[in-house]
Amino acid sequence: MTKSPKYAHIDQKFVTALDQVIAVNTELGIKPNNDSSIGQIIYPSNRSIISSVRSKSKHIPHLALMNFANEFSVDMNYFYSEEHLLNYIPPTIKNVVVKGNNITGNHNTTIHAGKGQIKGINTAESGSKNTLVDTVEVNTMINNFISEMDKERITQFMTIVSQIQSDSRSSLKRMEEQFREKCKEVKAIRQSFVDDLANTRKELSETRGRLDEARIRENDVLRQMLNSKS
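Residues numbered from 1 in each chain as written. Predicted model: local features only at pLDDT ≥ 70, side-chain atom pairs only at ≥ 80, totals over all residues. Heavy atoms only, no water.

### So, the overall build of the protein
Within the protein, the secondary structure is distributed over 7 helices and 3 strands. Of the regular secondary structure in the protein, the N- to C-terminal order runs α-α-α-α-α-β-β-β-α-α. Within the protein, the fraction of its 230 residues that count as buried is 25%. Relative to all contacts within the protein whose residues are 6 or more apart in sequence, the contacts with residues 24 or more apart total 47%. When the accessible surface of the protein is totalled, it reaches about 16100 Å², and 53% of it is carbon and sulfur. (Helix = DSSP H or I, 4+ residues; strand = E, 2+ residues; numbered from the N terminus. Buried < 20%, exposed > 50% of the residue type's maximum accessible area, 1.4 Å probe, protein only. Contact = heavy atoms within 4.5 Å. Areas by Shrake-Rupley, 256 points an atom, 1.4 Å probe, with all protein chains shown as cover.)

Dropping the structure here:
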């Protein structure tokens, strides 16, 4: 593999974009949502190319980069310029059908209901008495909402959602970092306590030894006094 800082930088930008696509698609319950399935789409001649890029044994081929950008609507300039930000907007889930605890739709979607609440979605099948669903995924609620928007408003809305998700991830990272720091502090306090306890035990042991020596000396003095009187 040709070693070049520029190629390595493009690889890193690709991995960052890839991880975001996987995270968003996994959260929405849509596919593709893993390295293998995405690799098959963007570079079918070598579906393990992503593993090779992650392990830094190969660079991402330009064709795979183009296919990735086309498949996930990522501006190619993002990979070559720091001025262009990644803004992955997942596809809108339409034609949602609810069956029991499963929600299905286009884009190869299967979501298990149970988070968030929404009422008033008409989900009746032919001959079914089920007309309302009380609990569905929050992300399905979002997709149902944006399916009623025009293209311009969808872009604006998803930009807001993307920013919220980005802020949420940043907040989570800060919380994780604070948690790690607190863990370090607790470990330091625990170690300090252990050290102090060890020192205290040592001091007690030394004090006990001195007391024993003092008693022995005291007994010797008393014995000498008794002997002298007798």
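Okay, back to it.
### Thoughts on the nonpolar core
Counting residues in hydrophobic clusters, the biggest one holds 26 residues, and the most contacted among them are F14, I38, I60, F68, V74 and F79. Of all the secondary structure elements, the ones that give two or more residues to this core are helix 1 (5-28), helix 2 (35-42), helix 3 (49-54), helix 4 (62-71) and helix 5 (77-80). Of all the elements, helix 1 adds the most residues to this core, at 9 residues. (Core = buried A, V, L, I, M, F, W, Y, C linked by side-chain atoms within 4.5 Å.)

### A short note on the layout of surface pockets
The space that makes up the largest pocket amounts to roughly 460 Å³. Residue lining of the largest pocket: 17 residues in total, with Q20, L86, S162, S166 and R169 positioned closest to the centre. Of all the elements in the fold, those that place two or more residues in the lining of the largest pocket are helix 1 and helix 7 (151-229). Looking at the lining of the largest pocket, the element that brings in the most residues is helix 7, giving 7 residues. Class assignment of the residues belonging to the lining of the largest pocket gives a composition of 5 nonpolar, 9 polar and 3 charged. (1 Å grid on protein atoms, 1.4 Å probe; cavity = no way out; pocket = protein on both sides within 12 Å on 5 of 7 lines; lining within 4 Å. Points joined across faces, edges and corners; volume = space filled by probe spheres on them. Nonpolar A, V, L, I, M, F, W, Y, C, P; charged D, E, K, R; others polar.)

### A closer look at helix 1
Helix length check: helix 1, at 24 residues, gives a terminal C-alpha distance of 35 Å against a target of 34 Å (1.5 Å per residue), a fit within 8%. One or two positions beyond helix 1, positive phi appears at G29, with a value near 80°. (Expected span 1.5 Å × (residues − 1).)

### Considerations on the pattern of salt bridges
In the structure shown here, the tally under the stated rule is 8 salt bridges. Measuring nitrogen to oxygen at the nearest pair gives 2.7 Å for the salt bridge that ties E177 to R180. Here E177 pairs with R180, and both are found in helix 7, just 3 residues apart, close to one helical turn. (Salt bridge = Lys/Arg side-chain N within 4 Å of Asp/Glu carboxyl O.)

### Digging into a nonpolar patch on the surface
On the surface, F193, V194 and L197 cluster together to form a nonpolar patch covering roughly 260 Å² of accessible area. Here V194 lies in helix 7. Relative accessible area serves as the criterion here: at 36%, V194 is assigned to the partly exposed category. (Patch = residues over 30% accessible without salt bridge, like charges linked within 9 Å, V, L, I, M, F, W, Y side chains within 5 Å.)

### What about the side chain of Q20?
Looking at where Q20 falls in the secondary structure, it is placed in helix 1. A relative accessible area of 16% means that Q20 is categorised as buried.

### Some details on the environment of I30
Take I30: it is sitting in the loop between helix 1 and helix 2. Measuring from C-alpha to C-alpha, the distance between I30 and P90 comes to 8.9 Å, with 60 residues separating the pair along the chain.

### Here we look at the side chain of D11
Position of D11 among the secondary structure elements: in helix 1. Among buried Asp, Glu, Lys and Arg side chains, D11 stands out as unpaired, with K56 the closest opposite charge at 8.6 Å. Not counting residues up to four positions away in its chain, the partners in contact with D11 are V53, K58, H59 and I60. (Lys, Arg positive; Asp, Glu negative; His and termini not counted.)

### Remarks on the packing of aromatic side chains
Enumeration according to the criterion identifies 5 aromatic pairs in this entry. Between F72 and Y88, the aromatic rings sit 6.0 Å apart at their centres with planes inclined by 80°, giving edge-to-face as the arrangement. A residue pair is termed long-range when its members are at least 10 positions apart, and F72 in the loop between helix 4 and helix 5 and Y88 in the loop between helix 5 and strand 1 (97-99) qualify at 16 residues. On the basis of relative accessibility, which here comes to 4%, the residue F72 falls in the buried class. (Phe/Tyr/Trp six-rings, centres within 6.5 Å; stacked < 30°, edge-to-face > 60°.)

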